[in-house]
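Letter by letter, the chains look like this.
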Amino acid sequence: MRARPRISRVLPGKLAPAETGGALNLAELDPPVWHIMSQTRAHGPFTLGQLQSFADAGKIGPLTRISSGDGEPFLPALDHAPLRARIEAALVNRSVRCAEASNFVIVSGPGSGVGTIRRHALAAALNTLGRFAEPIPGTFLLRSDRPLTDVRRTLASAAPDGTQLLIFKSRDAEMGWTGLPSQDAEAVRAVWDAPINPSAD
């Protein structure tokens, strides 16, 4: 019995499959021609897919200047139609996240033990910010919808002079402080978000 010849049927509006057997070249579908201007320096080239991922992650703002190809002008990101919807969605998500409650850990410095004026002043201020507990004397847990800057400002203005505070916002892994001497503040900056491997600096 003879084998029947293979017939490739092409539906209207569809392209016949390539006979070359070569791999699909993604660079032809989404070429890396986009550039991002940061201050006075252009970064890239990026593919449109990469830029859309940046927009989804909130790494591109509405006013970030972007060029869609060699010789094309740098325009605000919102002026590029393929990015507009993603940037607007990221802005909405960001505003929703800002309105959500977050957990804070507040550690007060020496002299803030049980029964001190400092402890009571901090507790009164924390009560205006949200729900809180003091599981260890001088260490507070706070659940609040306020940003870190507001929490820090409120506690700094309520606490007696000389109060030292470290404030950690768990959702965004942000650290704030007040009352620290400059060398201690520099020590926090040198450690927070620093690479583990010193040679990575």
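Note that this is a predicted model, so its numbers are computed, not measured.

A. Spatial organisation of the overall build of the protein chain. When helices and strands are tallied, the protein chain shows six helices and nine strands. Among the 201 residues that make up the protein chain, the fraction classed as buried is 25%. Long-range pairs, those at least 24 residues apart, make up 49% of the contacts in the protein chain between residues at least 6 apart in sequence.

B. Highlighting unusual backbone geometry. Cis geometry marks the peptide bond from Gly-44 to Pro-45; its omega dihedral reads 10°. Counting through the fold element by element, Pro-45 comes out in strand β2 (residues 41-46).

C. A look at the sheet that holds strand β1 (residues 34-38). Taken in spatial order, the four strands make up an open sheet running β2-β1-β3-β4, and their pairing is antiparallel. Two strands bound the open sheet, and with one partner strand each, they are β2 and β4 (75-76). The pairing of β1 with strand β3 (residues 65-67) spans three bridges and is classified as antiparallel. By the bridge assignment, Met-37 is partnered in β3 with Arg-65.

D. Representation of the packing of helix α4 (residues 117-129) against helix α5 (residues 148-158) within the structure. Between α4 and α5, the least distance of the axes is 9 Å, while the angle of their chain directions is 145°. Viewed along their axes, α4 and α5 form a crossing whose handedness is right-handed. In this structure, α4 uses Ala-121, Leu-122, Ala-125, Leu-126, Thr-128 and Leu-129 to contact α5, whose residues at the interface are Val-151, Thr-154, Leu-155 and Ala-158. Its residues assigned to classes, the contact of α4 with α5 comprises eight nonpolar, two polar and no charged.

E. Just the packing of aromatic side chains, in detail. One pass over the structure, following the stated rule, counts three aromatic pairs. Seen from their ring centres, Phe-46 and Phe-54 are 5.4 Å apart, and the 85° between their planes marks the pair as edge-to-face. A relative accessible area of 23% places Phe-54 in the partly exposed class. Between Phe-168 and Trp-192, the ring centres sit 5.6 Å apart and the planes meet at 70°, which makes this aromatic pair edge-to-face. Separated by 24 residues along the polypeptide, Phe-168 in strand β8 (residues 165-169) and Trp-192 in the segment after α6 (182-191) bring together distant segments of the chain.

F. Structural context of α4. Given a rise of 1.5 Å per residue, 13 residues ought to cover 18 Å, and the 19 Å separating the end C-alpha atoms of α4 matches this to within 8%. Here α4 has its buried residues at Arg-118, Ala-121, Leu-122, Ala-123, Ala-125, Leu-126 and Leu-129. As for α4, its buried residues are in contact with β5 (102-108), β6 (131-136), β7 (139-144), α5 and β8. Among the residues trailing α4, Gly-130 stands out with phi positive, at a value near 160°.

G. Structural context of the nonpolar core. By size, the foremost hydrophobic cluster in this structure holds 14 residues, and its most contacted members are Phe-104, Ile-106, Leu-126, Leu-142, Val-151, Leu-155 and Ile-167. Those elements that provide at least two residues to this core are β5, α4, β7, α5 and β8. Take this core: its biggest share by element is four residues, from α4. Filtering out sequence-adjacent residues up to four positions away, Leu-155 remains in contact with Ile-106, Leu-122, Ala-125, Leu-126, Leu-129, Leu-165 and Ile-167. Counting eleven residues, the second-largest nonpolar core is a separate cluster that includes Ala-55, Ile-60, Leu-83 and Ile-87.

Conventions and cut-offs
- Residues numbered from 1 in each chain as written.
- Predicted model: local features only at pLDDT ≥ 70, side-chain atom pairs only at ≥ 80, totals over all residues.
- Heavy atoms only, no water.
- Helix = DSSP H or I, 4+ residues; strand = E, 2+ residues; numbered from the N terminus.
- Buried < 20%, exposed > 50% of the residue type's maximum accessible area, 1.4 Å probe, protein only.
- Contact = heavy atoms within 4.5 Å.
- Pairing = 2+ DSSP bridges.
- Axes fitted to C-alpha atoms, helices over the stretch in contact; angles between N-to-C directions.
- Left-handed = near helix turned anticlockwise from the far one by under 90°.
- Nonpolar A, V, L, I, M, F, W, Y, C, P; charged D, E, K, R; others polar.
- Phe/Tyr/Trp six-rings, centres within 6.5 Å; stacked < 30°, edge-to-face > 60°.
- Expected span 1.5 Å × (residues − 1).
- Core = buried A, V, L, I, M, F, W, Y, C linked by side-chain atoms within 4.5 Å.

On their own, these measurements won't tell you what the molecule is for.
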